[in-house]
Amino acid sequence: MWVRFFYFSLDDAAARLTAQSRTLRSGSDDRLLWLRENSQSYSWQRAEVTFSSSANSKIVFRYEHGDSHRGLVALDDASFSKECVFDPDNNKLPDISPTSTSPSSSNAPTSPATPSASTAPITPCQDNEFFCWRSAGKVCVLATLQCDYHADCPQGEDEDGCGPCTFESGQCQWTDTSEGPSRWQRQKASNNTEPPTDHTGNAGYYMRVNFSQGSTQSEARLQSPQLPPSSPYCQILFHFHISAESAGSLRVLMQQAEGSEAILWSRSHNTVSHWTSEYLLLGPHQQPYKVLFSSLDKVSQGGETTAERVFAVDDISFLNCEKSYQPPALSAYDCPFEDGLCVWVQGAEDELDWLSMSGPTETPITGPAGDHTTGKGTYLYIESSLPSVKGNKAQLKSPLLPPAGEKGYCLTFWYHMFGATVGSLRILLQSADPLKKTLVWQKSRNQGDEWLLVQSHVTLQKVHQVVLEATVGGEAGDIAIDDISLVSGPCKASDLCDFEEGSCNWQQQTTDDFDWVRQSGSTHNPSTGPDSDHTTNTPAGHYYYLPSSVSDIAGQTAAMSSPLYPAGKGACVQLWYHMYGKGMGTLNVYQQSEDGKETLIFSQTGDQGLLWRFGQASLLPRVQPYRIVVEGVKAGPTQEGDMAFDDVQLSDAQCPPPGFCDFERNMCSWSNLGGRVDQGDWLRGTGASPNPNTGPSVDHTTNSTHGHYLYVDSLVGEWGDMSFLISDVFQRSTRGHCLTFWYHMYGSHVGTLRVYINDRKMHAGGNEEGILKWIESGNRGDKWQMASLSVKHKEAFWFVFSYQKGLTPGGDVALDDITIAPGSCYSDPPIDPPDDTLSVGLAVGLTLLAGIIISIFLFMLNRKRSKMNQSTVMSNEVTEPTSVFDLYDCKIDDTQLGAGFSYINKLYDPSSHGTDATVVSSDA
């Protein structure tokens, strides 16, 4: 039922004009229906209030003046809906509540007529109690329990008209407040409606708005009744439908008592199934408020579709909103996903859902082979192949958690991100007061074919929700999670120091010039330093950095030392460093014995690019405890020399030799380039390729199915797509560098493998690849082949491996055992492709070489003859010589002629560098 009226007001803001429902003569049970929102209307305003009552009632308008004791208020043209049954005798209201039938409604089930006050039986309840009129027996509850988000009557009638609604028996005081012909209406489901079923029981009722063809209306609104104050843990649960033809969005708004509105949620794409559920944070409210569903139609704003656009809502409920609610212990949020989602729920603002899976995912060469818990159980994952598209998201949300407390809590789970086009996985904390999301951890791109642990120490001192959000990066980018756990207190310490909780007992040295600074987010200087840490890859994560300034002097240092480690601990130290900027200095890592003696084990100088790079160094044998010292050395006055380090770890496994990587443990310092120019990642794999008739069956290092190598998945992407692999930065050397690697190119549609060198100038000019040095194309057979090339460059540089996908799938390419050593390779092919000039040069060189050999031959022959003439005794037995040099006892240094013959031999031997490999260089 509704009452409609017009009002006029001109008074101070403190004055109150209200409409209330009264069922008792005394007015002790008056229930607020409406509160004027604007004290200065200056014109007649229309208001419409929906109400229901289980007994005879009256509408009471009440005006309370404010501090000024002056004001002007007027009412006119009050009218009631046809569902209202008027009492022609205008009998007085009773002193106590009568027994009554269910609220009158056009859609309500048939029930006895409402008795008049004079014949109504006396209620068994006291004045301060509510009579549960629909429940069997004479049940009374405290009046204060009415509309408190909790059903205290057996049939829940104390919460009628208080917000929750299935729409089976009416609209529960949810009202349409639209302006235009398209209105929210209660709809019975049938085969001729969209959707054809309701959410409650398939053939029931729901609320629906339809924007028809040619409609110019842009918005339709469905408004809740006035909702009572709520707890900090309050959430609304609703189920919605958006038709496939809809070109607008469905939004949820919150309206405060003073009339202000805030957008809580919005979805602009259609629902795949008939009904999708969503949980939304409402948070604490001290005053009454309202919730609105707003459907926006963009066709009326210039869209192109001519079909009907349908939005529908059903089964609205409120969870944990009662003031007395207390959240469970943290362990209640743990979940191994063996039997569903536990207390976690799917988010519906995004396009995808997390799926439950046991065993491998459907897409090849991505996703895990089994769950983390047992290997045979279930886990959650997002499917990245069609119909999913790049950018689609899936969210998994926890219930609302209490403030983290003084010590916080540790959120842990296991994740799996493997594939050529993996997107990102993020942890967000969402609070309701204020409504805010905070990013606390994220990973992007391929992380390897293994389950990895993430630990996040949460210290947020507000009621909040944990959101795990995965984003599709491409067709081969399944992301999986498993075994979520929440434990009170900080996360357990490990051999890895990520500086998230402090310095891990690393100490600033006192004999240097500056201190390293613990930082989160960007450094203060532009054009240098990281934007986020390496651990969490977010602005909230921490790292240590050395600021640069115009007052710096070349050679000034800052040093930090680790805690003292036992002599027997660790064989390899690993860390991530960031050195980006034109004025970059030097980063040194020392191994310092307990008596203070230091040995340099790692060093890097100059600009290393805008990314975190991996560094590792073997620890020297020791007989006493030791420390690791990280030292930054300044290059001079500059504001573009901020260097940083993060994630320092001691490993008991041996480091690979410097410049060498066999990919058995990790990718060493090689990394995928990423960015806009990279359409797929190099993957670390073992055994045979899952793609038939292509790729290696064993690695090159161990020649077994257990060894590791890098490869590009030829099933992913389109013809011409590029995958880039980049090395560390190498300083220029007069001796040059020798790159040696093993490659495997087998398949009917193998593309092109290239090797480039790049430097800062070329990269700054937009050249991601650099100068081409080596190229190989097409099928080279099912075997590992070696290639090597010498490089001399005038500046610091890095190597880039590039693979360009072939015309169709079936062309995996692989790399293994990459070595970068100082000096020339000697066995390189010619620097440039053979041409006429080179042929002439070779002819001249060979002629000169022959002349030298003949001269030596004649000189030795003349000396031999002289000796023979002077000899008085001569042997009659002569041994036949095997070569010119044996005959004349000529000793030629191998470094003088042997290398030359070896080079000439290699030059004309095609088998020494593959079938058609070409080396291109301009640095010889």
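Residues numbered from 1 in each chain as written. Predicted model: local features only at pLDDT ≥ 70, side-chain atom pairs only at ≥ 80, totals over all residues. Heavy atoms only, no water.

Visitor: Just checking my understanding: could you explain the sheet that holds strand β25 (residues 435–444) for this structure?
Guide: Strand pairs in the sheet, formed through backbone hydrogen bonds, run parallel or antiparallel to each other. Strands sit in the order β19-β22-β27-β24-β25 across an open sheet of five strands; the sheet is antiparallel. The sheet is open, and its two edges are formed by β19 (345–346) and β25, each paired on a single side. Here strand β24 (residues 424–432) pairs with β25 via nine bridges, running antiparallel. Paired with Q430 across the strands is K437, a residue of β25. (Pairing = 2+ DSSP bridges. Helix = DSSP H or I, 4+ residues; strand = E, 2+ residues; numbered from the N terminus.)

Visitor: I tried to follow the nonpolar core on my own but got confused; where do I start?
Guide: Grouped burial of nonpolar side chains is what soluble globular proteins tend to show. Formed by 33 residues in total, the largest nonpolar core has its most connected members in F413 and L425. Put simply, the parts of the chain that give this core at least two residues each are β21 (378–382), β22 (393–397), β23 (409–417), β24, β25, β26 (452–458), β27 (464–471) and β28 (479–488). With five residues, the top contributor of residues to this core is β23. If sequence neighbours within four positions are ignored, L425 has contacts with W354, F413, Y415, M417, W441, Q442, K443, E469, A470, I479 and I481. Within the second largest apolar cluster, 32 residues are counted, among which are W174, Y289, I316 and A348. (Core = buried A, V, L, I, M, F, W, Y, C linked by side-chain atoms within 4.5 Å. Buried < 20%, exposed > 50% of the residue type's maximum accessible area, 1.4 Å probe, protein only. Contact = heavy atoms within 4.5 Å.)

Visitor: Just checking my understanding: could you explain the packing of aromatic side chains for this structure?
Guide: Throughout the structure, instances matching the rule amount to 40 aromatic pairs. Where F238 meets F293, the ring centres are 5.0 Å apart and the plane angle is 75 degrees; that geometry is what we call edge-to-face. Pair noted here: F238 is in strand β13 (residues 235–242) and F293 is in strand β17 (residues 290–296), with a separation of 55 residues, a long-range link. Its relative accessible area of 0% is what places F238 among the buried residues. Ring centres of W670 and F801 lie 5.6 Å apart, and the angle between their planes is 55 degrees; on these two criteria the pair is classed as tilted. Of this pair, W670 sits in the loop between β40 (660–661) and β41 (671–672) while F801 sits in strand β49 (residues 797–804), and the two are 131 residues apart along the sequence. Each member of the pair, W670 as well as F801, is classed as buried. An aromatic cluster is present here, built from W174, F238, F240, W265 and F293 joined pairwise through their rings. (Phe/Tyr/Trp six-rings, centres within 6.5 Å; stacked < 30°, edge-to-face > 60°.)

Visitor: Hey, could you run me through the sheet that holds strand β38 (residues 626–633) in this one?
Guide: The strand order across the open sheet built from five strands is β30-β33-β38-β35-β36, with neighbouring strands paired in antiparallel fashion. This sheet does not close on itself; its edge strands, each paired only once, are β30 (507–508) and β36 (598–605). Bridging between strand β35 (residues 586–593) and β36 involves seven bridges; their strand directions are antiparallel. The residue bridging V589 from the neighbouring strand is F602, located in β36.

Visitor: Honestly, the pattern of salt bridges in this entry has me stumped. Any pointers?
Guide: Working definition: two side chains of opposite charge can pair if their charged atoms are close together. Counting across every chain of the model gives 15 salt bridges. Across the pair E795 and K761 runs a salt bridge whose closest N-O atoms are separated by 3.3 Å. With E795 in the loop between β48 (785–791) and β49 and K761 in helix α1 (residues 760–764), this residue pair connects regions lying 34 residues apart in the sequence. Owing to a relative accessible area of 26%, E795 belongs among the partly exposed residues under this scheme. On the basis of relative accessible area, K761 is assigned to the exposed category, the value being 61%. Notably, a salt bridge pairs E776 with R780, separated by 3.2 Å at the nearest N-O pair. The two residues E776 and R780 agree in class, both being buried. Shared partners join several salt bridges into a network, and the residues in it are E219, R221, R251 and E261. (Salt bridge = Lys/Arg side-chain N within 4 Å of Asp/Glu carboxyl O.)

Visitor: Looking at this model, I keep getting lost on the pairing of strand β33 (residues 557–561). Mind explaining?
Guide: Consecutive side chains of a regular strand alternate in pointing toward one face of the sheet and then the other. Across the five residues of β33, five count as buried, placing the element largely inside the fold. Every second residue of β33 is oriented toward a common face, with T557, A559 and S561 on one face and A558 and M560 on the other, all of them buried. Pairing geometry for β30 and β33, over two bridges, is antiparallel. Note that in β33 the partner of Q508 across the bridge is M560. Sheet analysis places β33 next to β38, joined by five bridges and oriented antiparallel. Bridge pairing in β38 links A559 to E631.

In short, the description is geometric, and any link to function would need to be established separately.
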